Amino acid sequence: MSEPSAQPTAPATLEGVARWRGWPVAAAALAVALAAPSLADGLQGEDWGIVLDATARPFEPWPFHAAPDPSRANAAAREAGFVPWFSDPELRIVFFRPLGTWLLQLDALVSRAVGLSGAAGIQLVRAHGLAWLAALIVAGGLALRRLLGPSPAFLLALAVFA
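What you are looking at is a predicted structure, and each value in this text was computed from that prediction instead of being measured.

Together, Leu106, Leu109, Val110, Val114 and Leu116 make up an exposed nonpolar region whose accessible area comes to about 400 Å². Of note, Val110 is situated in helix H5 (residues 98-114). You can call Val110 partly exposed: its relative accessible area is 34%.

Another aspect to go through is the nonpolar core. Residues Ala18, Ala27, Ala28, Ala31, Ile137, Leu144, Phe154, Leu155 and Leu158 constitute the largest nonpolar core, which totals 9 residues. Every element with two or more residues in this core is listed here: helix H2 (23-35), helix H6 (119-148) and helix H7 (152-161). Once residues within four sequence positions are removed from consideration, Phe154 is found in contact with Ala18, Trp23, Pro24, Gly141, Leu144, Arg145, Leu148 and Gly149.

Let us look at the packing of aromatic side chains. Going through the model one piece at a time under the given rule, you end up with 2 aromatic pairs. Judged by centre distance (5.1 Å) and plane angle (85 degrees), the rings of Trp20 and Trp23 are edge-to-face. You can call Trp23 partly exposed: its relative accessible area is 26%. Ring centres of Trp85 and Phe86 lie 5.5 Å apart, and the angle between their planes is 90 degrees; on these two criteria the pair is classed as edge-to-face. Here Trp85 matches Phe86 in class, with each residue exposed.

Now for H2. The end-to-end C-alpha distance of H2, which contains 13 residues, comes to 18 Å, matching closely the 18 Å that a straight helix rising 1.5 Å per residue would cover. The set of residues buried in H2 consists of Pro24, Ala27, Ala28 and Ala31. Seen end-on, H2 carries its buried residues on one side only, within an arc spanning 100 degrees. Along H2, the residues that are exposed and aim more than 90 degrees away from the buried face are Val25, Leu30 and Ala33. Contacts made by the buried residues of H2 are with H6 and H7.

So, how was this worked out
- Residues numbered from 1 in each chain as written.
- Predicted model: local features only at pLDDT ≥ 70, side-chain atom pairs only at ≥ 80, totals over all residues.
- Heavy atoms only, no water.
- Patch = residues over 30% accessible without salt bridge, like charges linked within 9 Å, V, L, I, M, F, W, Y side chains within 5 Å.
- Areas by Shrake-Rupley, 256 points an atom, 1.4 Å probe, with all protein chains shown as cover.
- Salt bridge = Lys/Arg side-chain N within 4 Å of Asp/Glu carboxyl O.
- Helix = DSSP H or I, 4+ residues; strand = E, 2+ residues; numbered from the N terminus.
- Buried < 20%, exposed > 50% of the residue type's maximum accessible area, 1.4 Å probe, protein only.
- Core = buried A, V, L, I, M, F, W, Y, C linked by side-chain atoms within 4.5 Å.
- Contact = heavy atoms within 4.5 Å.
- Phe/Tyr/Trp six-rings, centres within 6.5 Å; stacked < 30°, edge-to-face > 60°.
- Expected span 1.5 Å × (residues − 1).
- Arc of directions from axis to C-beta.

What follows is the structure, encoded as structure tokens:
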């Protein structure tokens, strides 16, 4: 009596691997895991200016952020290395970041509402940013899958995007 022979399975191809529907979520999870150490960081770069500006005045629907005294701000920026030594002392740098500002204002409002301040409040800002990162990678991955189909090109594009 012979045993039934097992059917040989074809080796997995890249097209077969690309068919797995969980790639966008897996890419988002990996990106969030790699960015998770940022929860321990404080505010970075222009975040400081936006937070200070957002807390000093009421909510604005189209916020512009600029230093109130450009000559003093430029001297400090020149000393810190943010602008070159030959920059004009009256140079005005204005940031227009409505979405970033609105989200930081929302984070500040939520932090105050739940009683968080200091490092815990900044961790809330970072966690909110990581949630946006995950959502954007999943949305981008779904769009790339629809555009490119389940192919090696999709996997490469998702890896580069994430």
